[in-house]
Amino acid sequence: MSPQELQVQQKRALEAKQEQTLSARTFIPGADIFEAAHALSVVLEMPGVDKGNVDVSVEAGVLVVEGRVDFSKYEDMQPVYTEYNIGHYRRSFSLSNTIDQGAITAEMKDGVLTVTLPKAEAAKARRIEIG
Amino acid sequence: MYHPLDALFDLQKALEARLDSDWLRGATGGGGAYPPINVFQQGDSLIAILEVPGVNKEDLQIQAKDNAIRISGRKTIAYPDGVSVHRRERLSGNFDRTITVPMQIDTESIKAEYRDGVLALHIPRAESDKPRTIRID
């Protein structure tokens, strides 16, 4: 495979369903989703988010991922040239009931969050032997 | 009372206002526009902040010569064997970008810090380039 040139992906701002009382913009982290035999994995890019500032929750069958950036370090810095904006991240996914919601785990590395959603026993594909 | 989210909004507005300003005068090149970069001034120094989520520290190279700084590397995305991919929004590949700043810099003293997918370069202005106040005798 020949090496590919990386392209810039513009950050997408989250469109809230309700009116916001605060003006600051929240961004939608880019995501990959893949499925293995035993689990579904959601991989989200949230540059600038420390693992202590991530919330992963499941409520009423919806997986909600939130990441907060620490912008206090920007306090005494004057922007002279910018190409991207910064802000907190939020994205949600509806889960099917085939996920074992109590067994979800998450891991953060280099600004990338991997959420592993194990499948419930009943949802695992079964190989049918032909008798 | 000053709400911290107001502070974030103010920062977002300030970043927006400098979006693609001509400060770098198009002096960015070397093959591409990735990674995206923000440049700040802090005292006599410049701080360049680049977002490269998912890039290993070992896969990042930074070189400096005169007033040019080159940031290159590669981003790899690996899936475990035998999985089916439902959604793919993240991109992988190589990158190579050079920025030329409009001032003399002290290349020996550039500091790089990589954390949470964000690369911060602390670029001090060269002593010889700092403006001097001339006293009137």
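Everything below is about the structure shown above.
Okay, so let's go over this structure. Nothing here was measured: the structure is a model prediction, and the numbers come from that model. (Residues numbered from 1 in each chain as written. Chains lettered and ligands numbered in written order. Predicted model: local features only at pLDDT ≥ 70, side-chain atom pairs only at ≥ 80, totals over all residues. Heavy atoms only, no water.)

## A short note on the pattern of salt bridges
This is how the line gets drawn: Criterion for a salt bridge: a side-chain nitrogen of Lys or Arg within 4 Å of a carboxyl oxygen of Asp or Glu. Working definition: helices are DSSP H or I runs of at least four residues, strands are E runs of at least two. Numbering for both runs from the N terminus. In this scheme, a residue with accessible area under 20% of its type's maximum is buried, one over 50% is exposed, and one in between is partly exposed, where area comes from a 1.4 Å probe on protein chains only.
All told, the structure shown has 23 salt bridges over all chains when counted by the stated rule. Of the charged contacts, one joins A:Glu45 and B:Arg90 as a salt bridge, the two residues approaching to 2.9 Å between their closest N and O atoms. Separated into two different chains, A:Glu45 in strand β4 (residues 39–45) and B:Arg90 in the loop between β6 (84–88) and β7 (93–100) make up a pair that spans both. The exposure classification of A:Glu45 matches that of B:Arg90, with both residues buried. When the shortest N-O distance is used, the salt bridge between B:Asp137 and B:Arg135 registers 3.5 Å. Each member of the pair, B:Asp137 together with B:Arg135, is exposed.

## What about the environment of B:Ile110?
Test applied: Only heavy atoms enter the contact rule, under which two residues are in contact if any of them lie within 4.5 Å.
Looking at the element boundaries, B:Ile110 is found in the loop between β7 and β8 (111–115). If near-sequence neighbours (up to four positions away) are discounted, B:Ile110 is found in contact with B:Ala64, B:Ile69, B:Ile105, B:His122, B:Ile123 and B:Pro124.

## A short note on the sheet that holds strand β3 (residues 45–51) of chain B
Our working definition: Note: two strands are recorded as paired if DSSP finds a minimum of 2 bridges between them. Under this scheme, a helix contributes an axis fitted over its contacting stretch, all axes are lines through C-alpha atoms, and angles between N-to-C directions fall in the 0 to 180 degree range.
Judged by pairing direction, the sheet is antiparallel, and its 5 strands sit side by side in the order β7(A)-β2(B)-β3(B)-β9(B)-β8(B) without closing on themselves. The sheet is open, and its two borders are formed by β7 (78–81) of chain A together with β8 of chain B, each paired with just one other strand. In this sheet, adjacent strand axes meet at a mean angle of 25 degrees when their direction is disregarded.

By themselves, these observations are geometric and do not establish any function.
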